[in-house]
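# Coordinate analysis (summary)
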Amino acid sequence: MIRKRIGDLLIDAGLITEQQLQEALNIQKTGKEKLGDVFLNMGLLTEQQLIEALEFQLGIPHVQLHRYKVDQSLLGIIPERLANMYRVLPLKKDGNKLMVAMVDPLDYYAIDDLRMSTGFVIEPAIASKDEIMRAISRYYGMQGSVEEVMQTMQPQVDLDVDREIIDEDSPVVRMVNQIIQQAVQQRASDIHIDPQADTIRVRYRVDGVLRTERSLPKHMHGVITARMKILAQLNIAERRVPQDGRFHMDVELRTVDVRVSTLPTAHGEKIVMRVLDVKTAVNDIEKLGFEPYNLERFLTMLRHAHGIVLITGPTGSGKTSTLYAALNRMNTDEVNIVTVEDPVEYQVDGINQVQVNHAAGLTFASGLRAILRQDPNVIMVGEIRDSDTAEIAVRAALTGHLVFSTLHTNDAVASITRLIDMGIEPFLVSSSIVGVVGQRLVRRVCHECSSPYVPHEDELRMLEARGLPVDHLRIGRGCGNCNRTGYRGRVAIQEIMRMDEKLRRLIMEKRPDSEYRQHCIQNGMKTMFDDGLSKVANGITTFAEVFRTTMTEGETSA
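Predicted model only: the values in this text are computed from it and were never measured. Residue numbers run consecutively from 1 along every chain, following the written order of its sequence. The predicted origin of the model limits local features to residues at a pLDDT of at least 70 and limits the giving and counting of side-chain atom pairs to 80 or more, whereas totals for whole chains, interfaces and linings rest on all residues. Excluding hydrogens and water, the side-chain figures rest on all heavy atoms present in the structure.

### A few points about the overall build of the protein
Note the following rule: Comment: elements are numbered from the N terminus, with helices defined as DSSP H or I runs of at least four residues and strands as E runs of at least two. Burial classification: accessible surface area is computed with a 1.4 Å probe over protein chains only, and a residue below 20% of its type maximum counts as buried, one above 50% as exposed, and the rest as partly exposed. Throughout, a contact is declared for two residues whenever any of their heavy atoms are within 4.5 Å. The protein chains shown are the only cover counted for residues, whose accessible areas, like all others here, come from Shrake-Rupley with a 1.4 Å probe. Neither His nor the chain termini are counted; the positive set is Lys and Arg, and the negative set is Asp and Glu. A charged residue contributes its charge at one atom only: NZ of Lys, CZ of Arg, CG of Asp or CD of Glu.
What the protein contains, in helices and strands, is 21 helices and 18 strands. Counting across all 558 residues of the protein, residues that qualify as buried make up 51%. Considering only contacts within the protein whose residues lie at least 6 apart along the sequence, 63% involve residues at least 24 apart. Surface accessibility of the protein: about 25,900 Å² in total, with carbon and sulfur atoms responsible for 49%. With 66 positive and 75 negative side-chain charges, the protein shows a spacing of 2 Å between the two charge centroids.

### Brief notes about helix 9 (residues 171–185)
Which entries qualify depends on this criterion: The span you would expect from a helix comes to 1.5 Å times its residue count less one.
If you check helix 9, its first and last C-alpha atoms are 21 Å apart, about what 15 residues at 1.5 Å a residue would give, namely 21 Å. With 12 of 15 residues buried, helix 9 lies mostly within the body of the structure. For helix 9, the complete set of buried residues consists of Pro171, Val172, Val173, Met175, Val176, Asn177, Gln178, Ile179, Ile180, Gln182, Ala183 and Val184. With its phi angle positive at about 65°, arginine 187 sits one or two positions after the end of helix 9.

### Some thoughts on the packing of aromatic side chains
To describe a pair of aromatic rings, you give the distance between the ring centres and the angle between the ring planes. Put simply, the rule is: Pairing of aromatic side chains here covers Phe, Tyr and the six-membered ring of Trp, requires ring centres within 6.5 Å, and sorts the geometry by plane angle: under 30 degrees stacked, over 60 edge-to-face, intermediate tilted.
Per the stated rule, a full pass over the model turns up 4 aromatic pairs. Ring geometry for phenylalanine 529 against phenylalanine 547: centres 5.9 Å apart, planes inclined by 20°, an arrangement best described as stacked. Within this pair, whereas phenylalanine 529 is found in helix 20 (residues 528–537), its partner phenylalanine 547 is found in helix 21 (residues 543–550), the two being separated by 18 residues in sequence. We classify phenylalanine 529 as buried; its relative accessible area is 0%. You can call phenylalanine 547 partly exposed: its relative accessible area is 23%. Grouping aromatic residues by their ring pairs yields a cluster made of Tyr453, Phe529, Phe543 and Phe547.

### Some thoughts on the packing of helix 11 (residues 292–302) against helix 12 (residues 319–330)
To keep things clear, this is the line we draw: Every axis in this analysis is a line fitted to C-alpha atoms, fitted for helices over the stretch in contact. Angles between the N-to-C directions lie between 0 and 180 degrees. By the definition adopted for this analysis, an angle is roughly parallel if under 35 degrees, roughly antiparallel if over 145, roughly perpendicular if from 65 to 115, and oblique otherwise. By convention the crossing between two helices is left-handed if the near helix lies anticlockwise of the far one by an angle smaller than a right angle, and right-handed if it lies clockwise.
One way to put it is that helix 11 packs onto helix 12 with a least axis distance of 11 Å and a crossing angle of 60°. On the basis of their axis angle, the class for helix 11 and helix 12 is oblique. The interaxial crossing formed by helix 11 with helix 12 has right-handed handedness. Facing helix 11, whose interface residues are Phe298, Leu299 and Leu302, helix 12 presents Thr322, Ala326, Arg329 and Met330.

### Some details on the pairing of strand 18 (residues 487–498)
Convention followed: Any two strands with at least two DSSP-identified bridges between them are counted as paired.
Judged by how many residues are buried, strand 18 sits mostly within the fold: 9 of 12 residues are covered. Alignment of strand 15 (residues 433–445) against strand 18, held across 10 bridges, turns out to be antiparallel. If you follow valine 445 over to strand 18, its bridge partner there is tyrosine 487.

### With respect to the sheet that holds strand 13 (residues 378–381)
Read from one edge to the other, the open sheet built from 7 strands follows the order 12-11-13-14-10-15-18, with strand pairing classed as mixed. The open sheet has two free edges, formed respectively by strand 12 (352–355) and strand 18, since each of these has just one partner strand. Averaged over neighbouring strand pairs, the angle between their axes works out to 20° when direction is ignored.

By themselves, these observations are geometric and do not establish any function.
This is how it looks when you write it as structure tokens:
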């Protein structure tokens, strides 16, 4: 009866047909999945459509858990075992009524079981599966550890700090592990532990945007930072100067690399952890988001026997991923690839990777000098930061090596002036540079909740002026899959500057950036803004994202 009812609701909403319902029922008989999950797996509808249908047809309230203040005192009413079994979360109680967020509010067996185990009348609300499972992990998984830490840190408790931060079974260690595990589960690139006047704020950066995950009592700050320093092999007694370290951790059957940075602040040491998941690293150029036109230009650069290929952009623009993908394409038995990096972010079989060590005197420049004596074909320098490194890289390129590196500039063209400002002679810059890739990262429209978008008049003009289609635009409405942001994942937008004879002459004459840029566009360079609009036209990202990431270029006119 229940299965039939949800099917009838979806038929009434025009989301499925009678034949599709029968197919789903037949599939469900052979397995243990709920009917709603079967519909999703068949691709007949999205989770957002299912939620909206139940909300509209039955009047069941829809809650957005990331915006909902969950009463954590209710977590003891529904045990973690039942929360996971039925995919539910207690929200609030009013007298003898308990509002519960559910993935399937028509699961009357679950509602009845919850009523008997809690003694409350259950009022169901609907939430997405991802949001509920994330909330269960967040509130139940960490709540127990937080409560244990608070108990062990009571004034009357004789606390063995050394044991608390080293023993793998201690509440502090479990809580820190859970902070990192939840970050990996949510695809966070960074974890921020921010000490405030009265609390500790735990924030995750997901798809380039920071959001607060939870707050912890201020008196936990000392043991949390001590545990993180132990993991990263830092000096736990030193709180006055910044420190850097790293460690590895196994999370969900895979190893993640965590880089740790501490910074003394007015309220205590702030810790930022960069989470590098090797399995999610992009090692295929075709998956970097290059438009076909730009991809061919980039692959042409990789076929050069010598010269410098630069990847430019601000911090967090995916430069390292592009570098590694390029090296992976060239990584064969016939090629000797040597890198000097700070730090070595991803370890790649077949590539000789050197870690910068300033304390031992191993810098980018000294490492690069040593590499030149190692018979390399391809050299990768993590970043050109100073004139010494730039000079050696240029010399390596002019003596028969293909050199890859990164620069922090706003666009591809600005890299020319940056190298000249570092003291490299214009004739050396023009002779050594093969090409430059400028890039940024924009957020992808969430596949689950994307819907057609009608552009405004000025947006329409921009697309039409570039000959781009206007009938594939999409925008995310926000769902559990994307944490209500409308975006999930990121993709690069690029511009590729290739060296040619006229550009060499302009460089020799030390012309301004604007002339370099004008020539490159006339010679076929597609700017990052135009590349972003191409991705907007294909429904991959939005105008807002392209404007947000390229607005410094001042290219928002048609």
